[in-house]
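For reference, the chains in residue letters:
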Amino acid sequence: MSVPDAMPLPVAGVGEERKQAKEKEDAEKYSFMATVTKAPKKQIQFADDMQEFTKFPTKTGRRSLSRSISQSSTDSYSSAASYTDSSDDEVSPREKQQTNSKGSSNFCVKNIKQAEFGRREIEIAEQGIFYSGRESGNQRDLHDGVRQSVERQKQVASAEDMSALISLRKRAQGEKPLAGAKIVGCTHITAQTAVLIETLCALGAQCRWSACNIYSTQNEVAAALAEAGVAVFAWKGESEDDFWWCIDRCVNMDGWQANMILDDGGDLTHWVYKKYPNVFKKIRGIVEESVTGVHRLYQLSKAGKLCVPAMNVNDSVTKQKFDNLYCCRESILDGLKRTTDVMFGGKQVVVCGYGEVGKGCCAALKALGAIVYITEIDPICALQACMDGFRVVKLNEVIRQVDVVITCTGNKNVVTREHLDRMKNSCIVCNMGHSNTEIDVTSLRTPELTWERVRSQVDHVIWPDGKRVVLLAEGRLLNLSCSTVPTFVLSITATTQALALIELYNAPEGRYKQDVYLLPKKMDEYVASLHLPSFDAHLTELTDDQAKYLGLNKNGPFKPNYYRY
């Protein structure tokens, strides 16, 4: 076959010369490559004692690994850190001498100088602007614009999250229904509960306050309350001794004696009952909002030791559905995501307890694709879980395989040391119940186990073989220790608490005996109606004929006390 005339034949040596010239030009152009091309080739050497990646790191490796995790996690972890976390010194507030601008020192907070920032948070909570009170230094600049435009947003906010409580304050402020009331309170101290405290003061009450959880206090909010004249004794990160000292300072003051109690968890009520029995006998009413605290009240009542009337706010419909169910449906994910950054799709999660809190947690986890198991002692709740598509098991049956364990029973020792010993590596353990008794954390404080704090409210508990269990908030309430709760939900709870206090304080003698009562149905409905305008919701009104047919008052209550919503 002949070569086509159009294709020139290569000239010997010409191509090679061009190639060499090109290489020389490239070498001069990319001279920095010379050292690389001339460097001797090395073969990758592996250490003689090869580590298998499937095995846990050695003790030395664990330490260096934990240090690197701690540093990187702390640097990147900002969403759940309080504004005050990074700037607080190590001096205990009990050792500080602080006064507010009026010269009063009747308080104990982390730093009274943070009052201005706390005041802005309270204003934002009142107006319902969607903003979390917990932020890091990097976020402060971002929110400066929000703070500066609070007054403008007051005019344009379409739905004020705490509008119901503010509305109650405005309606009753002139009448002062709590004039003469001396309320000692023990609740979470956040921007939203500060709105409640200041509402009680506006209605005529004198208040002294402590925190019901050692991790949930927003230091800047506590400072703002102290600056406003509220005797508040609380700061984030209290020790157990600090916790009881703060409660005692609220109760024990010369010339001031409480006549009303607002409690969350029953610790304050227990302290007054045990330490100040004479004060307890003169209390006109107790309002309790948690499962744990209500359980304690019923125990006192059953034993014949409850000498004052008490209002069970926890089992009011508005509190139970919104604070327990709808709130936990959102806040469980918020707390877990902020602390662990875990992805839930395909994860195996066991939720201990299928009450209102458990139902909310399970609904959220299921929606993200988690495989959810339930443990229950109540056959009715267990049947509800089955009908909702969950498998009901005993904890021992799944403890080796699950990735996350969540408790929300209100009981104690739900997760024991035996369960913790059998958990898989990196299993996350947390509690959504009020008290820290559900997980046996005390059993983990033994010499053979190592604790490593890797970020705020996150501890790695390390077994001798290298297994790690991720413990959140040391077994305390996850959502308020590690994240925040929606303002709208807290508005419902706070309004319910305020109405319960007003009812007990103003009730004629003999209406309430020395027992535990549910919030009157009419008040429950009133709380709900106050929040409907936020959704532009319009209720249908009964005609006279319809009301007569149903045997109801046109203005309610619309359901009997035994009705289950």
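Residues numbered from 1 in each chain as written. Predicted model: local features only at pLDDT ≥ 70, side-chain atom pairs only at ≥ 80, totals over all residues. Heavy atoms only, no water.

The name given to the chain in an unreviewed UniProt entry is Adenosylhomocysteinase like 1, with the source organism recorded as Sarcophilus harrisii. In its Cofactor (unreviewed entry) section, UniProt records this for the chain: "NAD(+)". (UniProt positions renumbered as here; feature names shortened; annotations may be inferred.)

Right, let's talk about the sheet that holds strand β3 (residues 231-233) for a bit. Taken in spatial order, the seven strands make up an open sheet running β3-β2-β1-β4-β5-β6-β15, and their pairing is parallel. Of all strands in the sheet, those bounded by a partner on one side alone are β3 and β15 (516-518). Sheet twist, expressed as the mean angle between neighbouring strand axes with direction ignored, is 20°. By the bridge criterion, three bridges tie strand β6 (residues 310-312) to β15 in an arrangement that is parallel. Residue asparagine 312 lies in a different strand from β15, and its bridge partner there is leucine 518. (Pairing = 2+ DSSP bridges. Helix = DSSP H or I, 4+ residues; strand = E, 2+ residues; numbered from the N terminus. Axes fitted to C-alpha atoms, helices over the stretch in contact; angles between N-to-C directions.)

This brings us to the pairing of strand β13 (residues 458-462). Most of β13 sits out of view: five of its five residues are buried. Residue alternation in β13 divides its side chains into two sets, Val458, His460 and Ile462 and Asp459 and Val461, and both sets are buried. Bridge analysis of strand β12 (residues 450-455) against β13 gives five bridges, and the strand direction is antiparallel. When the sheet's bridge partners are listed, tryptophan 451 is paired in β13 with valine 461. Linking two consecutive strands that pair antiparallel, namely β12 and β13, is a turn of two residues; a positive phi of about 65° is found at glutamine 457 within it. (Buried < 20%, exposed > 50% of the residue type's maximum accessible area, 1.4 Å probe, protein only.)

With that out of the way, let us pick up helix α7 (residues 163-172). The complete set of buried residues in α7 reads Ala164, Leu165, Ile166, Leu168, Arg169 and Ala172. Contacts made by the buried residues of α7 are with α4 (115-127), α8 (191-202), α20 (487-506) and α21 (521-531). (Contact = heavy atoms within 4.5 Å.)

Another point: the pairing of strand β2 (residues 206-211). With respect to burial, β2 is a largely interior element, five of its six residues being buried. Direction of pairing for strand β1 (residues 182-187) relative to β2: parallel, over a ladder of six bridges. Pairing of threonine 187 across the sheet is with alanine 211, part of β2. A crossover links β1 with its parallel partner β2, the connecting element being α8, and its sense is right-handed. In the sheet, β2 pairs with β3 via three bridges, with the strands oriented parallel. When the bridges of β3 are listed, tryptophan 209 appears paired with valine 232. (Right-handed = clockwise from strand over helix to strand, strands pointing away.)

Moving on, we get to unusual backbone geometry. Following glycine 556, the chain continues into proline 557 via a peptide bond in cis, with omega recorded as 0°. Considering the arrangement of structural elements, one finds proline 557 in the segment after α22 (544-550). Of note in this structure, lysine 176 is not a glycine but carries a positive phi near 50°. If you trace the backbone, lysine 176 turns up in the loop between α7 and β1. For lysine 176, a relative accessible area of 37% translates into the label partly exposed. Positive phi, normally seen in glycine, also occurs at asparagine 413, with a value near 50°. Tracing the sequence through the fold places asparagine 413 in the loop between β10 (404-407) and α18 (417-422). Given the relative accessible area of 39%, asparagine 413 is considered partly exposed.

As a further point, take the side chain of histidine 531. Counting through the fold element by element, histidine 531 comes out in helix α21. By relative accessible area, histidine 531 is classed as buried at 3%. When near neighbours in sequence (up to four residues on either side) are disregarded, histidine 531 contacts Ala164, Phe488, Ser491, Ile492 and Thr495.

Time to look at the side chain of asparagine 479. Turning to its location among the elements, asparagine 479 is positioned in helix α19 (residues 478-482). Asparagine 479 gets classed as buried once you look at its relative accessible area, which sits at 4%. A polar contact of 3.0 Å, which involves the side chain of asparagine 479, links it to the side chain of serine 331. Leave out the neighbours within four places in its chain, and asparagine 479 touches Cys328, Ser331, Met432, Thr484 and Val485. (Polar contact = N/O pair within 3.5 Å; in protein donor to acceptor, adjacent residues only side chain to side chain.)

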